[in-house]
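# Observations on the three-dimensional arrangement
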Amino acid sequence: MIKISRLLYLTVAISLICMVLVSCVGYKNDGKQVTFHELNEASGHKVTVLDADPATFEDLGDGYGRDTHYAFLEGNKIKGADGKSFKYLGKNYAVDASHAFHFDSIIPNIDPKSFKVHSGWLTEDKKDFYWNGKAIHVADKKTFVVIGDDDDEDSQWAKDKYNAYYMGYPPVPLADYESFHPIKDHTPFISREGDYAADKYRVYYKDHIVEGADPETFKEVFIRVGQDKNRAYYEWKATKIKNYKQLSIIGDFRTDGLNVYTDKLEVLEGADPHTFKQLEDSKFWYVDKDHVWYYDRLVKEADVSSIQPVYLYEFYLGKKESRGTDFWYGKDKYHVFYEDSIIPGADPATFEKVGFEDCDSWTVFDKNRIYEGENSNDLQQYLRDKYGRIQ
């Protein structure tokens, strides 16, 4: 009985605390002034006093309010809104006599008298449909449909009898209305309506037609990558790759044994697929038997046998600790490189990137000069200890 009583006590106490907290949030109107109250983990209980008329103020819900002059969202005036004619429509959409609003922003060229809210993403007026407040530019409103859940941001595709629509992009002419459908994304660990769609005649990528693609066998096999019975495609462009799933992965690159391909499935010219590799611990530096690349940019002056990424170190409680490799800097026995360009005069033997405890950012330096970051006391002590000199 004691345990039950304690549990009941805790339940009642928590409920009362929640009721108190909820009662502290939102608009309060004591007849003399209107305030908006919010709770924030960082700043606690925040109160905003509104420039509002208590006699005519209305709380419209979801943080919206109005009086005879102004409209408000979470205590802040909505710029350009007329309070007298302001109406909240739900789903964070509102109208006044002249405008439609999404949150506190005016949606351009909307007819407020005919404006309708279908969902949090899809709205309409007499002229057009809108997705997240942006015009879709529908050609035929009577046959327009969103394919998928119209209240889900992952519903990317729509259609009418003239066009296919990838939300946020220009329309593309549609070959067959009835058979048009999105193609599911088969990227590993992802299951969503993809960037490709098809009807019985064509394949579409966003606002492009995928020329030559076979609709019956087409699949999206990776992000922005399609495959049919004949070849792989990057976005809407055909590639030289016959079967994407048979490619070997080398960092951000792919190979079929004949060529090395970039992430856009373009041939990396001059790369030897049998010796091409990613430098150990590096994200952007690659080599084959004769060449060095900073990602897909050939570094002509680099020495294949000695190229390496620049390693990062950071001092913590006086101890120098490794932090992996830098994204941008590399070096060989002759030069230091920033991406694919030589840093004139930089000394590869002493070039370092270190985070010192008295600096807010990384310091890049060699024994002769500083290239990036602060000339700090810790850096000078480090140079003194290592080289017997300061800069």
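This text gives an overview of the structure that appears in the document. Because the structure is predicted, anything quoted here is derived from the model rather than measured.

Reading the values: the criteria
- One numbering rule holds for all chains: residues counted from 1, following each sequence as written.
- For a predicted model such as this one, the threshold for reporting local features is a pLDDT of at least 70, and the threshold for listing and counting side-chain atom pairs is 80 or more; totals across whole chains, interfaces and linings nevertheless cover every residue.
- Heavy atoms throughout the structure, all of them, feed into the side-chain values; hydrogens and water do not.
- Labels follow the DSSP assignment, with helices taken as runs of H or I lasting at least four residues and strands as runs of E lasting at least two, numbered in each case from the N terminus.
- Throughout this description, buried means an accessible area under 20% of the type-specific maximum (1.4 Å probe, protein chains only), exposed means over 50%, and partly exposed covers the range between.
- In what follows, a contact means two residues having at least one pair of non-hydrogen atoms within 4.5 Å.
- Salt bridges are counted wherever a side-chain nitrogen of Lys or Arg sits within 4 Å of a carboxyl oxygen of Asp or Glu.
- Two distance rules govern patches: like charges are joined within 9 Å, and nonpolar side chains (Val, Leu, Ile, Met, Phe, Trp, Tyr) within 5 Å, applied only to residues with over 30% relative accessible area and no salt bridge.
- Only the protein chains shown count as cover for residues, and the accessible areas themselves come from Shrake-Rupley with a 1.4 Å probe.
- Within this scheme the basic residues Lys and Arg register as positive and the acidic residues Asp and Glu register as negative, but His and the chain ends are omitted.
- For this purpose, a charge sits on NZ of Lys, CZ of Arg, CG of Asp or CD of Glu.
- What qualifies as a polar contact is a pair of N or O atoms within 3.5 Å, subject to a donor-acceptor requirement within protein and to the restriction that residues adjacent in sequence count only when both atoms come from side chains.
- Each pair of strands is called paired provided DSSP finds at least two bridges between the two strands.
- By nonpolar core is meant a set of buried Ala, Val, Leu, Ile, Met, Phe, Trp, Tyr and Cys residues that side-chain atoms within 4.5 Å join together.
- Only Phe, Tyr and Trp rings are paired, with Trp represented by its six-membered ring, and only when their centres lie within 6.5 Å; those with planes under 30 degrees apart are stacked, over 60 edge-to-face, the remainder tilted.
- Charge-over-ring contacts are defined here by two conditions on Lys NZ or Arg CZ: a distance within 6 Å of the ring centre and an angle within 35 degrees of the ring normal.

Right, let's talk about the environment of Leu73 for a bit. Structurally, the position occupied by Leu73 is in strand β6 (residues 71-73). Taking the relative accessible area as the measure of exposure, Leu73 reaches 13% and is therefore buried. Separated by 30 residues in the primary sequence, Leu73 and Phe103 have C-alpha atoms spaced 7.5 Å apart. Ignoring sequence-local partners within four residues, the contact set of Leu73 consists of Tyr27, Asp62, Gly63, Tyr64, Ile78, Phe103 and Asp104.

Bringing the pattern of salt bridges into the picture now. The final tally for this structure, using the stated rule, is 14 salt bridges. Where Glu124 meets Lys141, a salt bridge forms, and the shortest distance between an N and an O atom there is 2.9 Å. One end of the pair, Glu124, is in strand β13 (residues 122-124); the other, Lys141, is in the loop between β15 (134-135) and β16 (145-146), with 17 residues separating them in the sequence. By relative accessible area, which is 24% here, Lys141 ends up partly exposed. Overlapping salt bridges, with partners in common, bring together Arg297, Glu339 and Asp340 in one network.

What follows concerns a negative patch on the surface. A cluster of acidic residues, Glu357, Asp358, Asp360, Glu374 and Asp378, forms a negative patch on the protein surface. Relative to the elements of secondary structure, Glu357 occurs in the loop between β39 (352-355) and β40 (363-365). The partly exposed category is assigned to Glu357, whose relative accessible area is 43%.

Before going further, it helps to examine the environment of Gly65. Structurally, Gly65 is set in strand β5 (residues 64-66). When its relative accessible area of 0% is taken as the criterion, Gly65 is described as buried. It is 9.6 Å that separates the C-alpha atoms of Gly65 and Ala52, two residues lying 13 residues apart in sequence. Aside from chain neighbours lying at most four places away, what touches Gly65 is Tyr27, Phe57, Glu58, Leu60, Tyr70, Ala71 and Phe72.

A few words now on the side chain of Asp128. One can find Asp128 in the loop between β13 and β14 (129-131). Buried charge without a salt bridge: Asp128, with Lys141 as the nearest opposite-charge side chain at an N-O distance of 7.0 Å. There is a polar contact of 2.9 Å between the side chain of Asp128 and the backbone nitrogen of Val138. With near-sequence residues (within four places) excluded, Asp128 lies in contact with Ala135, Ile136, His137, Val138 and Lys141.

A few words on the sheet that holds strand β30 (residues 260-261). Ordered by their spatial adjacency, three strands build an open sheet running β28-β29-β30, and the pairing between neighbours is antiparallel. Each of the sheet's edge strands pairs with one partner strand only, and the pair in question is β28 (248-250) and β30.

Glancing now at the nonpolar core. One finds Phe253, Leu268, Phe276, Trp285, Val292, Val299 and Ile307 to be the most contacted residues of the largest nonpolar core, which totals 19 residues. If you look at the next biggest cluster of nonpolar residues, it comprises ten residues, including Leu122, Ala158, Tyr165 and Met167.

Note that strand β1 (residues 26-29) and strand β2 (residues 34-40) share four bridges and pair antiparallel. Bridge assignment links Gly26 to a residue of β2, and that residue is His37. Connecting β1 to the antiparallel partner β2 that follows it, the hairpin turn spans four residues, and Gly31 within it adopts a positive phi of roughly 90 degrees. Looking at chain direction, β2 and strand β3 (residues 44-49) are connected through six bridges and run antiparallel. The residue bridging Phe36 from the neighbouring strand is Thr48, located in β3. Between β2 and the antiparallel strand that follows it, β3, lie three residues.

Further remarks concern the sheet that holds strand β7 (residues 76-77). Strand order in the open sheet formed by four strands is β4-β5-β6-β7, with antiparallel pairing between adjacent strands. Bordering the open sheet on either side are β4 (58-61) and β7, each of which pairs with just one other strand. With three bridges connecting them, β5 and β6 associate as antiparallel partners. Along β6, the bridge assignment pairs Tyr64 with Leu73.

We now examine the side chain of Asp195. Along the polypeptide, Asp195 turns up in strand β21 (residues 193-198). Reaching out from Asp195, the side chain makes a polar contact with the side chain of Tyr166 at a distance of 2.5 Å. What Asp195 contacts, discounting residues up to four positions off in sequence, is Trp157, Tyr166, Tyr204, Tyr205, Lys206, Glu220 and Arg224.

Before going further, it helps to examine the packing of aromatic side chains. According to the stated counting rule, one finds 38 aromatic pairs in the structure shown. Three or more aromatic residues link up through ring pairs in this structure, and these residues are Phe284, Trp285, Tyr294, Phe327, Trp328 and Phe337. Across from the ring centre of Tyr177, 4.4 Å away, lies the NZ or CZ of Lys159, which sits over that ring. Over the face of the ring belonging to Phe284 we find Lys283, whose NZ or CZ atom lies 5.5 Å from the ring centre.

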